[in-house]
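Chain residues, written in single-letter form:
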Amino acid sequence: MSETVLLLRRVRERSSEGATGPRRKRSRRRRFYPEHRVYRARSSFLDLSEEQVLRRYRLDKAAIAGLCSELGSDLESLTGRSHALPVAVKVTSALTFLASGSFQTATRDTTGISQSAMSNCLAQFLEALQRRAARYITFPVPVPTAGHAEGRFPGVLGLLGSMHVALRAPSENELAYRNARNYHSMNMQVVCDSHGTIINVVAKYPGSCPNAAVLENSALARLLDGARLDGLWLLGDRSYPLKTWLMTPILFPCSPGEEKYNAMHQEALSVLKQTCTLLKMRFRCLDKSSGSLQYTPQKVCQIFLACCILHNIALSRRMPLDLAEGEELVEGSDADPELPVQTSFVQISSEARAVRARIVQRFRESLT
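Cut-off values and rules
- Residues numbered from 1 in each chain as written.
- Predicted model: local features only at pLDDT ≥ 70, side-chain atom pairs only at ≥ 80, totals over all residues.
- Heavy atoms only, no water.
- Helix = DSSP H or I, 4+ residues; strand = E, 2+ residues; numbered from the N terminus.
- Buried < 20%, exposed > 50% of the residue type's maximum accessible area, 1.4 Å probe, protein only.
- Contact = heavy atoms within 4.5 Å.
- Axes fitted to C-alpha atoms, helices over the stretch in contact; angles between N-to-C directions.
- Left-handed = near helix turned anticlockwise from the far one by under 90°.
- Nonpolar A, V, L, I, M, F, W, Y, C, P; charged D, E, K, R; others polar.
- Pairing = 2+ DSSP bridges.
- Expected span 1.5 Å × (residues − 1).
- Bend = angle between axes of the 7 residues up to and from the residue.
- Salt bridge = Lys/Arg side-chain N within 4 Å of Asp/Glu carboxyl O.
- Phe/Tyr/Trp six-rings, centres within 6.5 Å; stacked < 30°, edge-to-face > 60°.
- Lys NZ or Arg CZ within 6 Å of the ring centre and 35° of its normal.

Draft legend 1. A look at the environment of proline 210. Inspection of the secondary structure assignment puts proline 210 in the loop between strand 3 (198-206) and helix 8 (211-216). A residue is classified by how much of its surface remains accessible, and proline 210, at 47% relative accessible area, is partly exposed. Sequence spacing of proline 210 and serine 162 is 48 residues, and the spatial spacing of their C-alpha atoms is 9.7 Å.

Set out below in structure tokens:
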């Protein structure tokens, strides 16, 4: 019986060899590495002048060196094999992308690294900077003030607004990211002080989410709702509801005091608009005119938070915005979606109306 089985097996092997030839064993193809590999030349920011560094990275040499020192524990490679990228190369590669707004294929020409390495550098840099966000973006402890300077809005704790950052259409829940101007974006809530320093950021809501809803679901609203502020409040535009701690414009002013209130409110809130414009000009990746960010919503939020941190660093060191050749600082070049107008049926507490009425009374008295 066994001889019959062996005979049938030999017949099958001969018939298969006659039809397709002898079978060969598959071997795994090994990648060939030359004995002396050639690596691209990596540029260093230390070889550039201070003016070139400011134009390319939006930070000066001392600030970049400080970032390398602070983020070194997170960015330093665990192994020294295969010519691991130094921390300085990772930091400057990420800064180049944030400042230029160009895609990674164009960014690698100025950093001397591949596209895959550029992607890894950016991801590591964003995660390391996000862990340290609390060091650079801090909401101040409310301290009551005795009075206010003449010609200024009294008791301003911060300036509240939103900023839309364009991104590619997500594969899931695409309609939620389409804003009022019919492009996909993330609605970033920003609070800055009178000097333009960013003191609070909420970066996680899609572009279709109204500004009021972003505020209501933020930790900032819960903090201020629980605090009893005496003579301090945020200033916001007409897309936000009036609260005891949030002063908004009067839709239909009907007295000189109310007109004065609106004028001073608009003048104070202009600092926030200038801050958002400067943020887009300093970091072109946030400007829609440079193209939408080709990343997931979560990655776009990381990029925006990193730009806010770097903005505060540049502001604290009083760094000028040195634009590259062909760039211009044009305020309002990329307008955010239209703000919804508050209607009369929006419920506003009587306490909030009383707070605003007292401010209007101050302005009325200053006119007499």
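Draft legend 2. The side chain of asparagine 312, seen in detail. Along the chain, the position of asparagine 312 falls in helix 11 (residues 297-316). Judged by its relative accessible area of 7%, asparagine 312 falls in the buried class. With residues near it in sequence (within four places) discarded, asparagine 312 still touches Tyr136, Ile137, Thr197 and Ile198.

Draft legend 3. The arrangement of the packing of helix 6 (residues 115-131) against helix 11 in detail. Two elements in contact, helix 6 and helix 11, have axes separated by 9 Å at closest approach and are oriented at 60 degrees. Handedness of the crossing formed by helix 6 with helix 11: left-handed. Judged by residue contacts, Ala123, Leu126, Glu127, Leu129 and Gln130 of helix 6 engage Lys299, Gln302, Ile303, Leu305, Ala306, Ile309 and Leu310 from helix 11. Of the residues contributing to the contact of helix 6 with helix 11, the split by class is eight nonpolar, two polar and two charged.

Draft legend 4. Highlighting the sheet that holds strand 3. Reading across the sheet, the five strands line up as 3-2-1-4-5 and stay open at both edges, with mixed pairing between neighbours. Two strands in the sheet have a free side with no partner beyond their single neighbour: strand 3 and strand 5 (246-247). Two strands pair when backbone bridges link them, and strand 1 (residues 156-166) and strand 4 (residues 233-235) are joined in this way by three bridges, in the parallel orientation. Bridge pairing in strand 4 places leucine 159 opposite leucine 235.

Draft legend 5. Geometry of helix 3 (residues 61-75). Taking 1.5 Å of rise per residue, 15 residues should cover 21 Å, yet helix 3 covers just 18 Å from first to last C-alpha, more than 12% shy of that figure. Serine 69 marks where helix 3 bends most, by close to 35 degrees. For helix 3, every residue scored as buried is listed here: Ala63, Ile64, Leu67, Cys68, Glu70, Leu71, Gly72 and Leu75. Looking at the packing, one finds that the buried side of helix 3 touches helix 2 (50-57), helix 4 (87-100), helix 6, helix 7 (133-136) and helix 11.

Draft legend 6. A look at the pattern of salt bridges. For the structure on display, the rule yields nine salt bridges. A salt bridge links aspartate 60 to arginine 317, with the shortest nitrogen-to-oxygen separation between them at 3.4 Å. With aspartate 60 in the loop between helix 2 and helix 3 and arginine 317 in the loop between helix 11 and helix 12 (350-367), this residue pair connects regions lying 257 residues apart in the sequence. You can call aspartate 60 buried: its relative accessible area is 13%. Between arginine 132 and glutamate 70 there is a salt bridge, with the nearest N and O atoms lying 4.0 Å from each other. Of this pair, arginine 132 sits in the loop between helix 6 and helix 7 while glutamate 70 is found in helix 3, placing the two residues 62 residues apart along the sequence. Pair check on accessibility: arginine 132 and glutamate 70 agree, each one buried.

Draft legend 7. Summary view of the packing of aromatic side chains. Enumeration over the complete set of coordinates arrives at four aromatic pairs. Between phenylalanine 153 and phenylalanine 363 the ring centres are 5.8 Å apart and the planes differ by 55 degrees, which places this aromatic pair in the tilted class. Of this pair, phenylalanine 153 sits in the loop between helix 7 and strand 1 while phenylalanine 363 sits in helix 12; the two residues are 210 residues apart in sequence, bridging distant segments of the chain. In this pair, the class of phenylalanine 153 matches that of phenylalanine 363, namely buried. Summarising the aromatic geometry, the rings of tyrosine 261 and phenylalanine 363 are spaced 6.4 Å apart at their centres and angled 70 degrees between planes, so their arrangement reads as edge-to-face. Of this pair, tyrosine 261 sits in helix 10 (residues 256-282) while phenylalanine 363 sits in helix 12, and the two are 102 residues apart along the sequence. Each member of the pair, tyrosine 261 as well as phenylalanine 363, is classed as buried. Through a chain of ring-to-ring contacts, three or more aromatic side chains come together here, namely Phe153, Tyr261 and Phe363. One Lys or Arg, lysine 288, reaches over the ring of tyrosine 183 and ends 4.9 Å from the middle of that ring.

These figures come from the coordinates and say nothing about function on their own.
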